[in-house]
Amino acid sequence: QVQLVESGGGLVQAGGPLRLSCAASGRALSIYNMGWFRQAAGKEREFVAAISRFGGSTYYADSVKGRFTISRDNALNTVYLQMNSLKPEDTAVYYCAAVQGAIYYGASSYDYWGQGTQVTVSA
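Conventions adopted
- Residues numbered from 1 in each chain as written.
- Predicted model: local features only at pLDDT ≥ 70, side-chain atom pairs only at ≥ 80, totals over all residues.
- Heavy atoms only, no water.
- Disulfide = S-S within 2.5 Å.
- Helix = DSSP H or I, 4+ residues; strand = E, 2+ residues; numbered from the N terminus.
- Buried < 20%, exposed > 50% of the residue type's maximum accessible area, 1.4 Å probe, protein only.
- Pairing = 2+ DSSP bridges.
- Axes fitted to C-alpha atoms, helices over the stretch in contact; angles between N-to-C directions.
- Salt bridge = Lys/Arg side-chain N within 4 Å of Asp/Glu carboxyl O.
- Core = buried A, V, L, I, M, F, W, Y, C linked by side-chain atoms within 4.5 Å.

**Brief notes about the state of the cysteines**
- Per the counting criterion, the structure on display carries one disulfide.
- Each sulfur in the disulfide pair C22 and C96 lies 1.9 Å from the other. Taking the sign of the torsion about the S-S bond as the criterion, the disulfide between C22 and C96, at about 55°, is right-handed. With a gap of 74 residues between them, C22 in strand β3 (residues 18-25) and C96 in strand β9 (residues 92-99) connect regions that are remote in the sequence.
- Judged by relative accessible area, which is 0%, C96 ranks as buried.

**Considering the sheet that holds strand β1 (residues 3-7)**
- Here four strands make up an open sheet; going across it, the order is β1-β3-β8-β7 and the pairing antiparallel. Either end of the sheet is taken by a strand with one partner, and the two such strands are β1 and β7 (68-73). Sheet twist, expressed as the average angle between the axes of neighbouring strands with direction ignored, equals 15°.
- Alignment of β7 against strand β8 (residues 78-83), held across six bridges, turns out to be antiparallel.

**Here we look at the pattern of salt bridges**
- Enumeration over the complete set of coordinates arrives at four salt bridges.
- D90 is paired through a salt bridge with R38; the nearest N and O atoms lie 2.9 Å apart. With D90 in the loop between β8 and β9 and R38 in strand β4 (residues 33-39), this pair connects stretches of sequence that are 52 residues apart. When sorted by exposure, D90 lands in the same class as R38, which is buried.
- Taken together, the salt bridges that share partners define one network made up of R38, E46, R67 and D90.

**A look at the nonpolar core**
- Core analysis: the largest hydrophobic core is formed by 36 residues, its most contacted members being L4, M34, W36, L81, M83 and Y94.
- Among the elements that make up this core, the one with the highest residue count is β9 (six residues).

Laid out in C-alpha cells, this is it:
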C-alpha cells in the first residue's frame, strides 16, 4: 500500500505561483497513475490534473489549462503540481491521489489519497 503526503500549500496573492509536492512511500510511485484533485469549502472534490505512470500523458481540467502543470519524478517518488496565475477561485484543499488502473476524472476511481494541503489565494 502506498502512502501519499502533500506539501507546499499556503497563502498566495492572486496572480502568483505556488508549487505543490506529493511524496509517496511504501510502494514505488511508478506503479501508479497519479492525479491532483481539489475541494473548496462546501463543494465536491473536483479533478484538477492527472499524469500517466511514466509521465507520457497529462490531463487537465478546463479551469486550469494553461496555468497548471503536473509532473512527476519517479526516482524521487514525487509528483508535482506547478500552479501559476492563481485566482481566488483556485482556493481549496488540494489532494494527490494514486490509481493502478486507468485514469479517470472522477475522484471515486482513485485508490489512495493524501491528507490534503490548503491553498488560499487572496485577491
